[in-house]
2 protein chains.
Amino acid sequence: MIRIGIVGYGNLGRGVESAVNHAEDMELAAVFTRRDPSGVETLTAAPVMAYSEIDKMQDAIDVLIICGGSATDLPETTPELAAKFNVIDSFDTHANIPEHYANVDKAAKAGGKVGIISCGWDPGYFSIARLYAEAALPNGESYTFWGRGVSQGHSDAIRRIEGVKDARQYTVPIESALDRVRAGEHPEFTAREMHLRDCYVVAEEGADLEAIEQAIKTMPNYFEPYDTTVTFITQEELDRDHSGLPHGGSVLRAGDTGGYNNTVEFSLNLESNPFFTGSILTAAARAAYIMNSEGQCGAKTLFDVPPAYLSTHTREDLLAHML
Amino acid sequence: MIRIGIVGYGNLGRGVESAVNHAEDMELAAVFTRRDPSGVETLTAAPVMAYSEIDKMQDAIDVLIICGGSATDLPETTPELAAKFNVIDSFDTHANIPEHYANVDKAAKAGGKVGIISCGWDPGYFSIARLYAEAALPNGESYTFWGRGVSQGHSDAIRRIEGVKDARQYTVPIESALDRVRAGEHPEFTAREMHLRDCYVVAEEGADLEAIEQAIKTMPNYFEPYDTTVTFITQEELDRDHSGLPHGGSVLRAGDTGGYNNTVEFSLNLESNPFFTGSILTAAARAAYIMNSEGQCGAKTLFDVPPAYLSTHTREDLLAHML
């Protein structure tokens, strides 16, 4: 059994816990939290320990899955822990991946451990889909569409506007744009042509609704480059109809092989973004364990992981039933 | 530059030639044929040599891509050549993969070479899609739909019927079945519920058309388990409208993560089946070269290949632009 530790216990941590619980080759050794452990109740009654005690668990844990945020938590925590444990994270600030990789690589090599970073679905499964598609169709164009799904970053940006009590933002891919790629047109899109932004907003009592709507629609980077719809609803409606965290999207590549057009498409439709992400992190933990057992160390991404290492199946099973 | 040899020069061989020609890190050393080399004209004026001379080229070739049929050619040729060269094939008789793997493994290990088998799109990219989807959604069901595309085996089966001059058979996925999987229904399908068979037949002059249609529709395994349509056309119409070899299909998996439904879908839409397959074989040759350079040997499949090994990009490029 591969002994897993979870660092951080929010939605993603719960997703990992659920996935580990269903993995026949894994057991959950502990959940580590920076909160008071006595106040944290886990889905599967896994033991909860203070983060400050994590070093004592080095001999009891094979892989740590770090479930933190990419803004401030993972850039510190993943390198720190990679020196002492095999680690997995879902670092998703695309622009900072090279720096994060270098930091984790240095720490993991010093400790003789493996750290697989950016293991969610984007970066993660979408990245792999882009790579496989480009390897088969080097002469072509790749496109990534996200949604329909909740963007936490955009929802947070709305919540920071004066007079807004709560908000939920859906990123929505424009179906006609997807169809143009599928038809082999190789279009060049503006941001506005690929995605819509659909916002559900709860205003404070007496707030200026028109001012809020304007503030959203004109917000640079977040909303201004897109067609944005704003719908004001009550807190009850938000809690009732918009409490889930669905997401998904599509990676497409259209390209030419010797004069013939081909398209490759990889799509996800997820009722729970954090639970699906947690499930990929859990599969990646299996790979980290195998790679480190083989003597590998340093930072890795899913680009470096032979697909078989993510699976519980034996080689014989894979050859006979999945190839 | 990775020096490639192509063994066999039909549609697939031409597809590989085209892909190698577009690969910035490869050059085509020779095409080997069992026909008279002087009668073979290549797309890119690559040198053509007799298959009997292949051993002389051991020092001039890094990877051989074997473009033969799975029924009788590859089971002999791939193990024979794997003892002397790094090899790639597209062996696609699913039931015989374990035996083929074992034969190639033995030969390649004896010769210190790498042989990556079954590198097309099914087996191949579809197999990988099945594995990644199952790794993320262990609690779920996978489905593979093929088409709309030409099945050579079914076309050949029609051609063997008395009174048939020529034929082309399209395998057609049933869209409503795909939609049920996408909706998370986890249906159990009969063969008839997943695919149609659409046949275009040129009859000999004076042939009994009704007898031909009956012979097709009642043919066990090939057509009897499916709803089959038969359309008689002229040779001119067949040549004009049905000379291409399009194919494609979808791998879908619907599964549960902690009570949430998710679907993963990987789809191909190919104007040329052999040219796309040839392009994947070419990417796999890059991986075989890297793996053998690292000291690996024996039989492999795409399950064993880190995705990065299929790509021409440097690690820095992949981290900065594709992850």
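Here the structure is a predicted model, which is why all the values come from computation and not from measurement.

Here we come to the nonpolar core. Counting residues in hydrophobic clusters, the biggest one holds 96 residues, and the most contacted among them are Ile88(A), Tyr125(A), Ile88(B) and Tyr125(B). Setting aside its immediate chain neighbours within four residues, Ile88(A) contacts Val63(A), Leu64(A), Ile65(A), Ile66(A), Ile116(A), Cys119(A), Leu281(A), Ala284(A), Ala285(A) and Ala288(A).

Turning our attention to the pairing of strand 10 (residues 195–203) of chain A. Residues and elements named next belong to chain A. Burial analysis of strand 10 places seven of its nine residues in the buried class, the great majority of the element. As defined by bridge partners, strand 9 (residues 164–173) adjoins strand 10 across nine bridges and the pair is classed as antiparallel. When the bridges of strand 10 are listed, Arg168 appears paired with Tyr200. Summarising the sheet, strand 10 and strand 11 (residues 227–232) pair through six bridges and their orientation is parallel. Counted as the bridge partner of Leu196 is Asp227 from strand 11. Between strand 10 and its parallel partner strand 11, the chain crosses via helix 8 (residues 209–217), and the hand of that crossover is right-handed.

What follows concerns the pairing of strand 1 (residues 2–7) of chain A. Residue and element names in this part refer to chain A. Along strand 1, five of the six residues are buried, which leaves the element largely enclosed by surrounding structure. In terms of strand pairing, strand 1 meets strand 2 (residues 26–33) through six bridges, oriented parallel. Counted as the bridge partner of Ile6 is Val31 from strand 2. With helix 1 (residues 11–22) bridging strand 1 and the parallel strand 2, this β-α-β connection has right-handed handedness. Direction of pairing for strand 1 relative to strand 4 (residues 63–66): parallel, over a ladder of four bridges. Paired with Ile6 across the bridge in strand 4 is Ile65.

With that settled, the discussion passes to the domain arrangement of chain A. All names here are of chain A. Considered domain by domain, chain A is made up of domain 1 (2–122 + 274–321) and domain 2 (125–272). One C-alpha centre belongs to domain 1, the other to domain 2; they are set 28 Å apart. In this assembly, 13 residues from domain 1 lie in contact with 15 residues from domain 2. Taking both partners together, domain 1 and domain 2 bury about 1200 Å²; carbon and sulfur atoms supply 70% of that area. Among the residues of domain 1 in contact with domain 2, Trp121, Asp122 and Phe303 are the three that bury the most area, contributing 50% of the side total. Linking domain 1 to domain 2 there are one salt bridge. Among the salt bridges present, the one from Arg130 reaches Asp122, with a minimum N-O distance of 2.8 Å. At the boundary of domain 1 and domain 2, one finds seven residue pairs in polar contact (both at pLDDT 80 or more). Per-class residue counts for the side of domain 1 that touches domain 2 are nine nonpolar, three polar and one charged.

Turning next to unusual backbone geometry. Residue Arg148(A) is reached from Gly147(A) by a cis peptide bond, and omega for that bond is 0°. If you trace the backbone, Arg148(A) turns up in the loop between strand 7 (140–146) and strand 8 (149–150). Look at the link from Asp122(B) to Pro123(B): it is a cis peptide, with omega at 0°. Its place among the elements puts Pro123(B) in the loop between strand 6 (114–116) and helix 4 (125–136). The backbone phi angle of Asn221(A) is positive, close to 65°, even though this residue is not glycine. When you line up the elements, Asn221(A) lands in the loop between helix 8 and strand 11.

What follows is about the sheet that holds strand 4 (residues 63–66) of chain B. All names here are of chain B. In space, the seven strands of this open sheet follow the order 3-2-1-4-5-6-14, with parallel pairing throughout. Looking at the sheet topology across the chains shown, the edges are occupied by strand 3 (48–50) and strand 14 (298–300). Sheet twist, expressed as the average angle between the axes of neighbouring strands with direction ignored, equals 25°. Each of strand 6 and strand 14 is contacted by helix 3 (residues 97–111), which is oriented at about 140° to strand 14, the strand it contacts most.

What follows deals with the relation of the copies chain A and chain B. Least-squares fitting of chain A to chain B yields an RMSD of 0.0 Å, with the superposition described by an axial translation of 0.0 Å and a rotation of 180°. The superposition operator between the copies reduces to a two-fold rotation axis.

A few words now on helix 4 (residues 125–136) of chain A. Residue and element names in this part refer to chain A. In this model, helix 4 (12 residues) spans 17 Å end to end at C-alpha, consistent with the 16 Å of a helix rising 1.5 Å per residue. Within helix 4, 12 of the 12 residues are buried, which leaves it mostly tucked inside the rest of the structure. Residues of helix 4 that are buried: Tyr125, Phe126, Ser127, Ile128, Ala129, Arg130, Leu131, Tyr132, Ala133, Glu134, Ala135 and Ala136.

All right, on to the pattern of salt bridges then. Residue and element names in this part refer to chain A. Under the defined criterion, the tally for this structure stands at 36 salt bridges over all chains. Across the pair Glu213 and Lys217 runs a salt bridge whose closest N-O atoms are separated by 2.9 Å. Placement of both Glu213 and Lys217 in helix 8 is noted, with a separation of four residues, approximately one turn of the helix.

Here the focus is the packing of helix 2 (residues 73–82) of chain B against helix 3 of chain B. A pair of packed helices is captured by two measures, namely the crossing angle of their axes and the spacing between those axes. Residues and elements named next belong to chain B. Closest axis-to-axis distance for the helix 2/helix 3 pair is 7 Å, and the angle between their directions is 20°. Between helix 2 and helix 3, the interaxial angle falls into the category roughly parallel. Remark: the crossing between helix 2 and helix 3 carries right-handed chirality. Mapping the contact onto sequence places Leu74, Pro75, Thr78, Pro79 and Ala82 in helix 2 and His100, Asn103, Val104, Ala107 and Ala108 in helix 3.

The rules we used
- Residues numbered from 1 in each chain as written.
- Chains lettered and ligands numbered in written order.
- Predicted model: local features only at pLDDT ≥ 70, side-chain atom pairs only at ≥ 80, totals over all residues.
- Heavy atoms only, no water.
- Core = buried A, V, L, I, M, F, W, Y, C linked by side-chain atoms within 4.5 Å.
- Buried < 20%, exposed > 50% of the residue type's maximum accessible area, 1.4 Å probe, protein only.
- Contact = heavy atoms within 4.5 Å.
- Helix = DSSP H or I, 4+ residues; strand = E, 2+ residues; numbered from the N terminus.
- Pairing = 2+ DSSP bridges.
- Right-handed = clockwise from strand over helix to strand, strands pointing away.
- Domains from an automatic or database assignment.
- Buried area = accessible area lost by both parts, 1.4 Å probe.
- Salt bridge = Lys/Arg side-chain N within 4 Å of Asp/Glu carboxyl O.
- Polar contact = N/O pair within 3.5 Å; in protein donor to acceptor, adjacent residues only side chain to side chain.
- Nonpolar A, V, L, I, M, F, W, Y, C, P; charged D, E, K, R; others polar.
- Axes fitted to C-alpha atoms, helices over the stretch in contact; angles between N-to-C directions.
- Least-squares fit on C-alpha atoms with pLDDT ≥ 70 in both.
- Expected span 1.5 Å × (residues − 1).
- Parallel < 35°, antiparallel > 145°, perpendicular 65-115°, else oblique.
- Left-handed = near helix turned anticlockwise from the far one by under 90°.

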